[in-house]
Amino acid sequence: MTLTAPTGVAARALAPDLARGFMLLLIALSHAPAFVGDWNAGPAALNTVAKFIKSLLADNQARDMFVFLFGYGLGQLAHGQQARGGDWASIRGLLRRRALWLIVIGFLNTVVLVPIDIIAVYGLTLLVLAPLVRARDSVLWWTGLLTLVPATLLLAWQSVVAQAKPVTMAEFMEPTFAAHLVAAIPSWPVETAISTITVVPGMMLGIWAARRRFLDEPERHLPLLRRVTVVLIGVAVAGRLPAALLAAGAWLPASAPAGWAVAVAHDLTGYAGGIGMAAAVGLVAVKVRRGRLATALAALGQRSLTFYLFQAVVWVVLFYPFTLGLRDGVSFTVTFGIAAGVWLLSIVLAEWLRAAGHRGPAEVFLRRMSYGRPKR
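Going along each chain's sequence as written, the residues are numbered from 1 onward. In keeping with the predicted nature of the model, local features appear solely for residues at pLDDT of at least 70, side-chain atom pairs appear and are counted solely at 80 or more, and the whole-chain, interface and lining totals rest on all residues. With hydrogens and water excluded, all non-hydrogen atoms of the structure serve as input to the side-chain values.

Asks: Give me the packing of helix H6 (residues 137-164) against helix H8 (residues 188-211): which residues, what numbers.
Replies: Helix axes are fitted only over the stretch in contact, all axes being lines through C-alpha atoms; the angle between N-to-C directions runs from 0 to 180 degrees. Runs of E in the DSSP output that reach at least two residues are strands. Runs of H or I that reach at least four are helices, and both are numbered from the N terminus. Between H6 and H8, the shortest axis-to-axis distance is 8 Å and the interhelical angle comes to 150°. Here H6 runs over H8; the crossing is left-handed. Taking contact as the criterion, the partners of Asp-137, Leu-140, Trp-141, Thr-143, Gly-144, Thr-147, Leu-148, Pro-150, Ala-151, Leu-154 and Leu-155 in H6 are, on H8, Ile-194, Ile-197, Thr-198, Val-200, Pro-201, Met-204, Leu-205, Ile-207, Trp-208 and Arg-211. Taken together, the residues of the contact of H6 with H8 break down into 15 nonpolar, four polar and two charged. In this scheme the crossing of two helices becomes right-handed for a clockwise turn of the near helix relative to the far one and left-handed for an anticlockwise turn of less than a right angle. Should any heavy atoms of two residues lie within 4.5 Å, those residues are counted as being in contact. Basically, the charged four are Asp, Glu, Lys and Arg, the nonpolar ten are Ala, Val, Leu, Ile, Met, Phe, Trp, Tyr, Cys and Pro, and anything else, Gly included, counts as polar.

Spelled out as structure tokens, the structure:
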């Protein structure tokens, strides 16, 4: 059966796009500091506050919000195709084509731009788990729960290593663009494959939530969204506070097991925080409707893939030795200002694209490769 065109921009639900737009701020705050060499340069007090905020709000929580929304988008896509008469064979083919092209985009992002990529991880996970998009609710929940343990342990191991010695991308930057183009290729396949486990829990829950249209129709689910927001964000703050204090230098774990406990709590409750923030945006969407600011932020969310890649372009231009080379010239705190500035610029550019009637170029490319050329 022939696939139908995806939902037009005008018909999209507001809350998921608002959430994706806000999510890009958290991603920028998480990524920008990774490109400077000395995290202690500049005003110590401001750096302390910035490190605390980064650990509490962004690290391994921005990604979890991202992957929840990715799963939610998959659920929306499947629901939309089924509502327009699509059969499962055609939908599965669409999902797999989408997955393959996400892998391609992620590979190019890693090689040409920056080796901090989640796009290929999403693509590989979708390629393997595409049948679960139509699985029973119980299968989604059990898959999410069973993968939550290894996913958390993998993230916690990375956090424990970072506790001993924070590693930044500045240490691995190549002096020339030619060297940069080949540096990440050897490790990319293994890192991408290993990272897939970390996105499965949020992806499964996102698919489940989309079936109930929690963010598509938030006004119908206000009591639940309020409870989810309060409980999950509360859990996230409590679970992530020790690691945030550790990142800020306010204390040190007394032993290796204590360090592991802090890391596990931080990364496990990051899943709760990411979902809780998505629910909070659903509540906001009911209040703000389609005001100018909401429209502009939603325009950014509608083009989240394009502006995720745009952030990577900015990091290369600003920080790498073969461009402006600012990796040793700015402080940790300044990178926060840069991240916020890039996000605000992204809103302006996305709103300009919306007003001009243009989708994001990355979205146009992915849509064309997934659906094929529209028939005239």
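Asks: I'd love a proper account of the packing of helix H1 (residues 14-31) against helix H3 (residues 62-83), names of residues and values included.
Replies: At a minimum axis distance of 9 Å, the contact between H1 and H3 shows a crossing angle of 155°. On the basis of the axis angle, H1 is roughly antiparallel to H3. With respect to the hand of their crossing, H1 and H3 are arranged in left-handed fashion. Contacts between H1 and H3 involve Pro-16, Ala-19, Arg-20, Phe-22, Met-23, Leu-26 and Ile-27 on the former and, on the latter, Ala-62, Met-65, Phe-66, Leu-69, Tyr-72, Gly-73 and Gln-76. Looking at the contact of H1 with H3 residue by residue, the class counts come to 11 nonpolar, two polar and one charged. Angle categories are assigned with fixed cut-offs, so that under 35 degrees is roughly parallel, over 145 is roughly antiparallel, 65 to 115 is roughly perpendicular, and the rest are oblique.

Asks: I'd love a proper account of the environment of Ala-356, names of residues and values included.
Replies: With respect to the helices and strands, Ala-356 occurs in the loop between helix H13 (332-355) and helix H14 (361-371). Once the C-alpha coordinates of Ala-356 and Asp-59 are considered, the two residues, 297 residues apart in sequence, prove to be 35 Å apart.

Asks: Describe a nonpolar patch on the surface, naming the residues involved and giving the relevant values.
Replies: Patches here are clusters of residues that have more than 30% relative accessible area and form no salt bridge, with a 9 Å joining cutoff for like charges and a 5 Å cutoff for nonpolar side chains (Val, Leu, Ile, Met, Phe, Trp, Tyr). Using a 1.4 Å probe, accessible areas were evaluated by the Shrake-Rupley method; residue-level cover was limited to the displayed protein chains. Salt bridges are counted wherever a side-chain nitrogen of Lys or Arg sits within 4 Å of a carboxyl oxygen of Asp or Glu. Together, Val-149, Leu-153, Trp-157, Val-161 and Trp-260 give the surface a local cluster of nonpolar side chains, amounting to about 480 Å² of exposed area. Per-element tally for the nonpolar patch: the top contributor is H6, with four residues. Mapped onto the secondary structure, Trp-260 falls in helix H10 (residues 256-288). Residue Trp-260 is classed as partly exposed on the basis of its relative accessible area of 33%. Remark: exposure states derive from per-residue accessible area (1.4 Å probe, protein chains only) relative to the maximum for the residue type, with buried under 20%, exposed over 50%, and partly exposed in between.

Asks: Explain helix H2 (residues 44-58) to me, using residue names and the numbers behind them.
Replies: For H2, spanning 15 residues, the distance from its first C-alpha to its last is 20 Å, which sits close to the expected 21 Å at 1.5 Å a residue. Here H2 has its buried residues at Asn-47, Ala-50, Lys-51, Lys-54, Ser-55, Leu-56 and Ala-58. Those residues of H2 that are buried are in contact with H1, H3, helix H9 (222-247), H10 and H13. Note on H2: the residue one or two positions beyond its end, Asn-60, has a positive phi of about 50°. Helix span, expected: 1.5 Å multiplied by one less than the number of residues in the helix.

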